[in-house]
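# Structural description and commentary
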Amino acid sequence: MLALFFRELRGMHWLFWLPVAVVYLALPAMNAVSLSMVGGNLEFGAPLMLMDAQRVFSFASIFWPAFLLKQYINAPGSELLFVYLKGKNSLYARMLCLWSLDVLMALPVMVAYAAWLHVSLWYDVLIFVDMALIIGFIYGLSMLCANTFLPLMLSVLYLGACVVFAGFPSIFVQGPDYSLFGNVIHFIVLIVLAALFIWVGLYREKRYMKKG
């Protein structure tokens, strides 16, 4: 399964590098702007920089699942492809692999933030849960609608609205308190939503397998 999975990643061509570019080019630029807004004061700039990271990692999590699912759901004769997607070879297993890649992509930044901004471990957990929610949403809605464009656009529009509109129901935690106890309800809601979307995707995938 892993060999096929990595071939599918290579099949994305330059699009595979889009989330990496977003994280390692856009995030430093945004952090630099946020820090300059407070005159370089790290104490006041840290909450802005951590919010930048939440936004960037959430946006970056959109692309890999959408591009990979497109190879199956939007492909000609996609019904036949589900005959081969069982067990460890399932799309669900691929989503877990993509989440693991997202975590690996985020780890260097998380380590740097821990050393530089002295953030709580729960901030890292928050980032990883945000990623799981985005991947789960795209997986679940793609399987439900048999289309990858709609969840891709809805994810972009929703995250854009979270950035632009104050008071909009958002997956982002407003700093400076990123502890579990300060945001326990927020963490629970994110985890429940992620589990719900993943369950919908898994249920629909099993239905497709039976039809195949």
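Described below are features of the structure shown in this document. Each residue is numbered by its place in its chain's sequence as written, counting from 1. Totals for whole chains, interfaces and linings use every residue, but because this is a predicted model, local features are given only for residues with pLDDT of at least 70 and side-chain atom pairs only at 80 or more, for both listing and counting. Heavy atoms throughout the structure, all of them, feed into the side-chain values; hydrogens and water do not.

## Description of the overall build of the protein chain
Along the backbone of the protein chain there are eight helices and zero strands. Reading the protein chain from its N end, one meets helices and strands in the order α-α-α-α-α-α-α-α. A simple rule labels every residue: compare its accessible area, found with a 1.4 Å probe on the protein chains alone, to the largest value its type can have, and call it buried under 20%, exposed over 50%, or partly exposed in between. Relative to its full complement of 212 residues, the protein chain shows a buried share of 45%. The contact criterion used is simple: two residues touch if any of their non-hydrogen atoms lie within 4.5 Å. In the protein chain, once contacts between residues fewer than 6 apart in sequence are set aside, the share between residues at least 24 apart is 75%. To be clear on the numbers: accessible area is Shrake-Rupley with a 1.4 Å probe, and residue cover counts the displayed protein chains and nothing else. Of the accessible surface of the protein chain, which amounts to about 10900 Å², a share of 74% is contributed by carbon and sulfur atoms. Secondary structure elements follow DSSP: runs of H or I no shorter than four residues count as helices, runs of E no shorter than two count as strands, and numbering proceeds from the N terminus.

## Re the nonpolar core
Working definition of a nonpolar core: buried Ala, Val, Leu, Ile, Met, Phe, Trp, Tyr and Cys residues. They are joined through side-chain atoms within 4.5 Å. Core analysis: the biggest nonpolar cluster contains 61 residues, and Phe57, Leu68, Met110, Tyr113 and Tyr123 have the highest contact counts within it. Elements with a contribution of two residues or more to this core: helix 1 (2-10), helix 2 (18-37), helix 3 (42-73), helix 5 (91-117), helix 6 (121-145), helix 7 (149-164) and helix 8 (184-211). Broken down by element, this core gets its largest block of residues, 17 residues, from helix 3.

## A look at the side chain of aspartate 52
Relative to the helices and strands, aspartate 52 is located in helix 3. Only four residue types enter the charge count: Lys and Arg as positive, Asp and Glu as negative, with His and the chain ends excluded. The salt bridge criterion pairs a side-chain nitrogen of Lys or Arg with a carboxyl oxygen of Asp or Glu, the two atoms within 4 Å. In this structure aspartate 52 is buried but unpaired, with arginine 55 as the nearest side chain of opposite charge at 4.4 Å. Excluding residues within four positions of it along the chain, aspartate 52 makes contact with Leu27, Met30, Asn31 and Ser34.

## Describing the pattern of salt bridges
Applying the stated criterion across every chain yields a total of one salt bridge. Across the salt bridge formed by glutamate 8 and arginine 94, the nearest N and O atoms sit 2.8 Å from each other. Of the two residues, glutamate 8 is situated in helix 1 and arginine 94 in helix 5; the sequence distance between them amounts to 86 residues. The class of glutamate 8 is buried, set by a relative accessible area of 6%.

## Concerning the packing of helix 1 against helix 3
Two elements in contact, helix 1 and helix 3, have axes whose closest approach is 10 Å; the angle formed by their N-to-C orientations is 105°. In terms of orientation, helix 1 and helix 3 fall into the roughly perpendicular class. In this structure, helix 1 contributes Leu4, Phe5, Glu8 and Leu9 to the contact, and helix 3 contributes Leu68, Gln71 and Tyr72. Its residues assigned to classes, the contact of helix 1 with helix 3 shows five nonpolar, one polar and one charged. Lines fitted to C-alpha atoms define the axes here, with helix axes fitted over just the stretch in contact, and angles between the N-to-C directions of these axes take values from 0 to 180 degrees. These descriptions rest on fixed angle ranges, namely under 35 degrees for roughly parallel, over 145 for roughly antiparallel, 65 to 115 for roughly perpendicular, and the rest for oblique. Side-chain classes follow a simple rule in which Ala, Val, Leu, Ile, Met, Phe, Trp, Tyr, Cys and Pro form the nonpolar group, Asp, Glu, Lys and Arg form the charged group, and the remainder, Gly included, forms the polar group.

## Remarks on the packing of aromatic side chains
Pairing of aromatic rings covers Phe, Tyr and Trp, the last through its six-membered ring, and needs centres within 6.5 Å; plane angles under 30 degrees mean stacked, over 60 mean edge-to-face, and all others mean tilted. Evaluation of the coordinates by the stated rule reveals eight aromatic pairs. Measuring from centroid to centroid gives 5.8 Å for tyrosine 158 and phenylalanine 168, while their planes differ by 50°, and the two rings are tilted. Residue tyrosine 158 is located in helix 7, and its partner phenylalanine 168 is located in the loop between helix 7 and helix 8; the two are separated by ten residues in the primary sequence. Using a relative accessible area of 33% as the deciding quantity, one classes phenylalanine 168 as partly exposed. Each ring, one from tryptophan 199 and one from tyrosine 203, has its centre 5.5 Å from the other, and the planes form 15°; the classification is stacked. Pair noted here: tryptophan 199 and tyrosine 203 are both in helix 8, with a separation of four residues, about one helical turn.

## Focus on helix 1
Of the residues making up helix 1, those classed as buried are Phe5, Glu8 and Leu9. Viewed along the axis of helix 1, the buried residues span an arc of 100°, placing them on a single side of the element. Elements that come into contact with the buried residues of helix 1 comprise helix 3 and helix 5. In this context, the arc is that of the directions from the helix axis out to the C-beta atoms.

## Looking at helix 6
Each α-helix winds once per 3.6 residues, and so residues spaced three or four apart point in a common direction. Across its 25 residues, helix 6 extends 36 Å between first and last C-alpha, which sits within 8% of the 36 Å expected from 1.5 Å per residue. Helix 6 sits mainly inside the fold: 19 of its 25 residues count as buried. Phi turns positive, to about 55°, at alanine 146, one or two residues after helix 6. Each residue after the first adds 1.5 Å to the expected span of a helix.

## Section: the side chain of glutamate 8
Contacts described as polar in this section are N or O atom pairs within 3.5 Å, which, within protein, must combine one atom able to donate a hydrogen with one able to accept it, while residues neighboring in sequence count only if both atoms come from side chains. Engagement of the side chain of glutamate 8 in a polar contact is seen with the side chain of arginine 94, the distance being 2.8 Å. Discounting residues that sit within four places of it in the chain, glutamate 8 has contacts with Leu68, Gln71, Tyr72 and Arg94.

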